[in-house]
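Results of the structural survey
This is what each chain is made of:
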Amino acid sequence: MATTTTETVTAPAPRQTQVRIHLHTRSDDIELPQDTGPILVSTEVKRYQLSTLVNRLLETEKPVPLEFLINGQFLRSSLDDFLTQNGISAETTLRVEYVRALIPPLYVASYEHDDWVSAVDVLSPSSKPVRWMRNAEGPAMPQRILSGSYDGLLRVWNTSSEVIATGQGHTASVKAAKFISPTQVVSSSVDRTIRLWKFEDAAAESAGTLTPTLELFGHKASVDRIAAHAPSSRILSASADHTIGLWSSKKAEAPAAPEEVLPSANKRRKLSNTKTVPQRGPLSQLLGHQSQIADVCFDEKDATVGYSASWDHTVKTWDLTTSACVDTRTTAQSLFSICHLSESSLLATGTSARHITLIDPRASATTVSAMTLRGHTNVVVSLAKDPNSSYQLVSGSHDGTCRVWDIRSVRAEAMDRVGDSVYVIERNSASGGSRPAAGEGVKVFSVCWDADVGIVSGGEDNQVQINKSTTS
Amino acid sequence: NIDPESLLPKLPDPSELKPFPTTCSTICRGHQGKVRTLAFDPTGRFIASGGDDGTVRIWDFTTGRQAWSVKLSKDEPVNAVAWRPGNDTCILTACCGENVHFIIPQGELCPPDQEARSREILDAGFGHAAAPTTASKTASGATKPSASTWSRPSSTLQSHGVLLTLTLRTTPKSLSWHRRGDYFATVSPSTTSISTAVAIHTLSKHATQHPFRRLKGLAQTACFHPTRPLFFLATRQRIRIYDLQQQKLEKELQPGARWISGISLHPLGSNLLVSSYDKRLLWHDLDLGLTPYKTLRYHSKAIRDVAFHPGGLPLFADASDDGSLQVFHGKVVSDEFENATVVPLKVLRGHRVVRELGVLSVGWHPREAWCASAGADGTVRIWM
Ligand SMILES: [Mg+2]
C-alpha cells in the first residue's frame, strides 16, 4: 500500500515502520502505574495488540478489553492506516487515549404491552433507588422493570417478562414512571396528576401490588416527565402548563392541594367523607419558561440543584432551596429531553433538530454548546447516562432507534465539536426491515440504562425492549 | 435581451436561512378519506384536523397520537377548522355542511380555567335576544326566514364538547377569525345565493351579517387585517380589500390568477400571498400597487393552500396536488423602500396523490419552524 503524503517535492521518504505513541486515559481505575512517556510501536499494530500492550503495562489479572482514541476518533484498523487516512506524519508522537472497550448492546428480550409504552425504569442491586437506601439489600435485590403506558396503567415486570404488579388510578395516559425506592414508585400522567404508589413485590404465594398512597395536584396540563431524589424525598415534574413542580414524596411534608385544581368530583367526595387517596399540593412551582417543559433532572452531585429543558429553546438551572432560576442557556431549537453527566459537568439535551447538544451549565462556560452528537433522524426525546462510564450515554428517538454515544469520540468542525454514535439499537419489532418514514410505529419514548439489566427502552411498538452488553 | 432577474443580487444560500422544516417527523393516521383542513392550537401543543369522514380530530403532533375526536356528520365532510385566537380559551370552530360548530374539546386538553372561560364566551351570546339583523322584512311585509341560527346542538354532540352550533343556509368552506376572537368570517363559495356567500359573525352577540350583498364574482375565501379594520375578500380572480369602518372598497388587487384557491396575510398586514388552482403562487406587496410583486411557479399541479408563518419567522409554505409542499424564506422588511426577499428552501414530499388530489391544506406552528399538511391520502403530516 502506498503512502500518500501531501505535496511532497522531494522523493517520498522511506516508509516509517514505527511510530511514537503517548498513552493516557481518563478512567482512574485503569490508569497506568506511572507515565511511560512516548513508546515506540510498529505502525502495523491494531486495537488488539495495543490492548495487549496496555494490559501488560497495567499488570491486570484478567485482561480489560480496551479501545483507542486518537484525535477523538476510534482506531478501527492499523496505526498505519490511521496515519494515512488522516494525513498525519509518522514522525509525530501520537496522543493515544485508551478506554474500556464498548461492547455491542445485544437484544435480550421484549415485554409486550396493550398500548404504547411511554416510560421505563429499572430496580436492580446497582440502581439508584437501591443505592440511595442506607441499608441497601444489595445483591439480594431482584431485578424489576417498571413501565408506564398510554393505556393509563403502570406495570412492574420480573425479568421473565411476567407482570408482577399493576398500578391503576390514572385517568389518562401515563407519561412518566420512576422507582423512588424498592418499595415506592412515582408516576405522572396526561390527567395532570402525579401519583405515589407503594410497591410490594411478589412473595412466594402472592402476586405483587402497586397501591396508590398519595395524589399530587397543582399542574394545569399534562405532566410529561418526573425526576425523583429519594434521600431528600424531592420530586421534580415537567408539565405542558409551562411550569415545573417541586414536590415532597412524604405525605406529612407535602402542603394541601390547591382547591382550584382539584377536580370537582373530588371536592364532593371530600365532603361526603369517604376514604380516598390523600391529596397534596406542590412545595413550590418553578416559573420562568415560556413554553411547555419537556424534561427535568436533578444535579447528580447536588440534589438542591435541578435542570429543565423546554420547548422555549432554553435549559434552566434551578436552586431548589429558593425555587429561583439561577441560569438560562438559550439554544437554537426546542428541547425535548435532558440528562446530567455529572463527571464531565455537562448537560445533554435532545432537540427537535434531531441531534443532542451538550451544554456546560457552569458560569465559567463561554459557549452554550460544548459539543453536538449527530445521527438521529427524528426528535430526541429521552436520554440516560451509562451507569458504568462518565463518558457514555444512550438516547431514544422518534426515529425508532436508541443510540449509544461516547463524548470522548468527537471531531472538530468549523463551529463545533461533533460526535457520531457508537452503537445503534434498532427496535426488535421492526425485525430488520428498513426504518419506516417518520419512525411510524417504532418511535422510542423512553430509555433507561442500568448496570445490571442493560439498556431498557419503550415505545410506540407497545414493547419494552432490553439490550445488554455481555463481556463473555 | 437580458433577463432582469440576472441583474439582481445573488440569493442567500438556504443553509444560511435555518431554521426551516426539512423532514417529516410525524404522521397522524386515523381519518377515513381526505383530510381537508388543519390548524395548530394557539398554544402550539396540538393540531386539529377535519375531513371527508365528517370527523374533527385533535392530535399530539409530536407523537401522532390522537388525543380527541368527534363525529359531526355521517355524510358531510368537515371543510374547515380554526381555533379562536388567544391563549385564554380553548375553542375550536369546525365547518361541516351548513353548520359551524363551536367545540371545547373534552378530556385533559383544555386546562380547567381555560375551559371555564371558553364556556363563558360561548354562552355570552345567548343573552342577546334574536337580533333583528338576522331577519328582515320582504317587500310584501312578511318576515324572511333568518339566514342563520345560533343554537345548542344535540345532547350527543354536547356531551362531546360541541356546545354551540351556528347554522347557515349555505355551506361554508372557509372560516377566518379576527385577531381579537369576537368576529369571524365564513365564505360559502358554491352557493346559488351570492348575497349570502360571505358572512361576518359576532360571537359575543350570536349575530350574523352579510355585508357584501352585491359582490362581483364568486367568493372563495377571506381574512381580517391583524390591526386595521380591513377585510380581504378573494373571489375567483380578484382580491378586494374593504374598510369595514368606513364601509367602502379600499383596493382591488389583480393577482392574474384564473382561479384563486387560498390567501394568507402576513402577520404585519402589508404583504399577501395568493395560491391558485392554475399552479401559480403570487406575492402581493400592498405598498407596491395592485399587481403581484412576485409570481412563483414551482408546482406541476394546482396549488390548494398557502400560509405565512404566523409567529414572526420569515417563512411561508404552499400545498399542491402534485403531492408536495414547497417551503420558502420570505422576509418582510419594515423599510418600505426595500422589497421582500423570497428564497425557495425545501420541497417536502411524502403525501401520496390519490385520484389527482395531493396536499389540501398547510399550516404553521404558532412559534416554531414546524409546519403541518393535510392530504388526500388521509394523513396529517408534521414537518420539522
Ligand atoms: Mg390556509
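Along each chain, residues carry numbers from 1 onward, in the same order as the chain's sequence is written. In the order they appear in the text, chains get letters beginning with A and ligands get numbers beginning with 1. Side-chain atom pairs in this predicted model are given and counted only at pLDDT of 80 or more, local residue features only at pLDDT of at least 70, and totals for whole chains, interfaces and linings cover all residues. Calculated side-chain values reflect all of the structure's heavy atoms, with hydrogen atoms and water omitted.

In this analysis, two residues are considered to be in contact whenever any of their non-hydrogen atoms come within 4.5 Å of each other. Residue-level contacts link 26 residues of chain B with 30 residues of chain A. Between chain B and chain A, a total of about 2100 Å² is buried, with carbon and sulfur atoms accounting for 49% of that surface. The largest per-residue losses of area from chain B upon contact with chain A belong to Arg45(B), Arg65(B) and Glu108(B), which jointly make up 30% of the total buried on that side. When a carboxyl oxygen of Asp or Glu is within 4 Å of a side-chain nitrogen of Lys or Arg, the pair counts as a salt bridge. Lys220(A) is paired through a salt bridge with Asp113(B); the nearest N and O atoms lie 3.3 Å apart. In protein, a polar contact means a hydrogen-donor-capable atom and an acceptor-capable atom, both N or O and within 3.5 Å, with residues adjacent in sequence counting only if both atoms are side-chain atoms; elsewhere, any N or O pair within 3.5 Å suffices. Summed over the shared surface of chain B and chain A, the result is 12 residue pairs in polar contact (both at pLDDT 80 or more). Secondary structure elements with two or more residues in the side of chain B that touches chain A: strand E1 (24-29) and helix H1 (112-124) of chain B. Secondary structure counts use DSSP, requiring at least four H or I residues in a row for a helix and at least two E residues in a row for a strand, with both numbered from the N terminus. Among the elements that line the side of chain B that touches chain A, the one with the most residues is E1(B), at 5 residues. Gly is put with the polar residues, along with every residue not named as nonpolar or charged; the nonpolar set is Ala, Val, Leu, Ile, Met, Phe, Trp, Tyr, Cys and Pro, and the charged set is Asp, Glu, Lys and Arg. The residue makeup of the side of chain B that touches chain A, split by class, is 9 nonpolar, 10 polar and 7 charged. Reported buried area values correspond to the accessible surface (1.4 Å probe) lost by two parts on association, with both partners' losses combined.

Only residues whose relative accessible area exceeds 30% and that form no salt bridge are eligible for patches; like-charged ones are grouped when within 9 Å, while nonpolar side chains (Val, Leu, Ile, Met, Phe, Trp, Tyr) are grouped when within 5 Å. Accessible surface is estimated by sampling points in the Shrake-Rupley manner with a 1.4 Å probe; for residues, cover comes only from the protein chains shown. Positive: Lys, Arg. Negative: Asp, Glu. His and the chain ends are not part of the count. Charge positions come from single atoms, namely NZ of Lys, CZ of Arg, CG of Asp or CD of Glu. Taken together, the side chains of Arg258(B), Lys279(B), Arg297(B) and Lys301(B) make up a positively charged region of the molecular surface. Mapping Arg297(B) onto the fold places it in the loop between strand E22 (294-296) and strand E23 (303-308).

All names here are of chain A. UniProt positions are given in the numbering used here, feature names are shortened, and annotations may be inferred rather than shown by experiment. Under the UniProt annotation, the feature "repeat: WD" (unreviewed entry) is placed at residues 167-207, 216-257, 286-328 and 373-415. Taken end to end, residues 167-207 comprises 0% helix and 54% strand; its first and last C-alpha atoms sit 13 Å apart. Secondary structure across residues 216-257 divides into 0% helix and 45% strand, with the first and last C-alpha atoms of the span separated by 7 Å.

Residue and element names in this part refer to chain A. Classification of residues uses two cut-offs on accessible area relative to the type maximum, computed with a 1.4 Å probe and protein chains only: under 20% is buried, over 50% is exposed, and between them is partly exposed. Counting buried residues in strand E17 (residues 244-248) gives 5 out of 5 residues, a clear majority hidden from the surface. The alternating pattern of E17 places Ile 244, Leu 246 and Ser 248 and Gly 245 and Trp 247 on opposite faces, both of which are buried. DSSP bridges decide pairing: two strands pair if at least two such bridges lie between them. As defined by bridge partners, strand E16 (residues 234-239) adjoins E17 across 5 bridges and the pair is classed as antiparallel. Paired with Ala 238 across the strands is Ile 244, a residue of E17. Joining the antiparallel neighbours E16 and E17 is a turn of 4 residues, in which His 242 adopts a positive phi near 75°. Two elements, E17 and strand E19 (residues 284-286), share 3 bridges in a ladder whose sense is antiparallel. Each residue of the ladder has a partner; that of Leu 246, found in E19, is Ser 284.

A few words now on the domain arrangement of chain A. All names here are of chain A. Each domain span listed reflects an automatic or database assignment of domains. Once the domains are mapped, chain A shows domain 1 (18-100) and domain 2 (106-260 + 276-468). Each of domain 1 and domain 2 was reduced to a C-alpha centroid, and the two centroids are 36 Å apart. Opposite the 8 residues of domain 1 that make contact, domain 2 presents 6 residues. In this assembly, domain 1 packs against domain 2 so that about 650 Å² is buried in total across both faces, 50% of it on carbon and sulfur atoms. Its largest share of buried area at the contact with domain 2, domain 1 owes to Arg 26, Gly 72 and Phe 74, together 57% of the area lost on that side.

The pLDDT value expresses, per residue, how confident the predictor is, ranging between 0 and 100. The predicted model of chain B averages 92 in pLDDT, with 92% of residues at 70 or higher. Scored as a complex, the prediction yields pTM 0.92 and ipTM 0.92.

Another aspect to go through is the sheet that holds strand E6 (residues 78-83) of chain B. Residues and elements named next belong to chain B. The sheet built from 5 strands is open, its strands ordered E6-E7-E8-E10-E9 with antiparallel pairing. The sheet is open, and its two borders are formed by E6 and strand E9 (148-151), each paired with just one other strand. Taking each pair of neighbouring strands and ignoring which way they run, the sheet shows an average axis angle of 15°. Note: E9 against strand E10 (residues 162-168), 4 bridges, orientation antiparallel. Pairing of Thr 149 across the sheet is with Thr 167, part of E10. Only C-alpha atoms enter the line fits that serve as axes; for helices the fit covers just the stretch in contact. Angles between N-to-C directions range over 0 to 180 degrees.

So, about the pairing of E10(B). Residue and element names in this part refer to chain B. Within E10, 6 of the 7 residues are buried, leaving the element largely enclosed by the surrounding structure. Where strand E8 (residues 99-103) and E10 come together, 5 bridges link them in antiparallel fashion. Bridging from a neighbouring strand, Val 100 pairs with Leu 166 of E10.

Residues and elements named next belong to chain B. Among the structural elements, Ser 188 can be located in the loop between strand E12 (183-187) and strand E13 (198-202). According to the relative accessible area criterion, Ser 188 is buried, its value standing at 1%. For Ser 188, the side chain forms a polar contact with the side chain of Thr 170, separated by 2.8 Å.

This brings us to the state of the cysteines. Residue and element names in this part refer to chain B. When two cysteine sulfur atoms lie within 2.5 Å, the pair is treated as a disulfide. The tally for this structure, following the rule as stated, stands at 0 disulfides over all chains. For Cys 24, which is in no disulfide, the shortest distance to another cysteine sulfur is to Cys 28 and amounts to 8.8 Å. Cys 24 sits in the buried class, given a relative accessible area of 14%.

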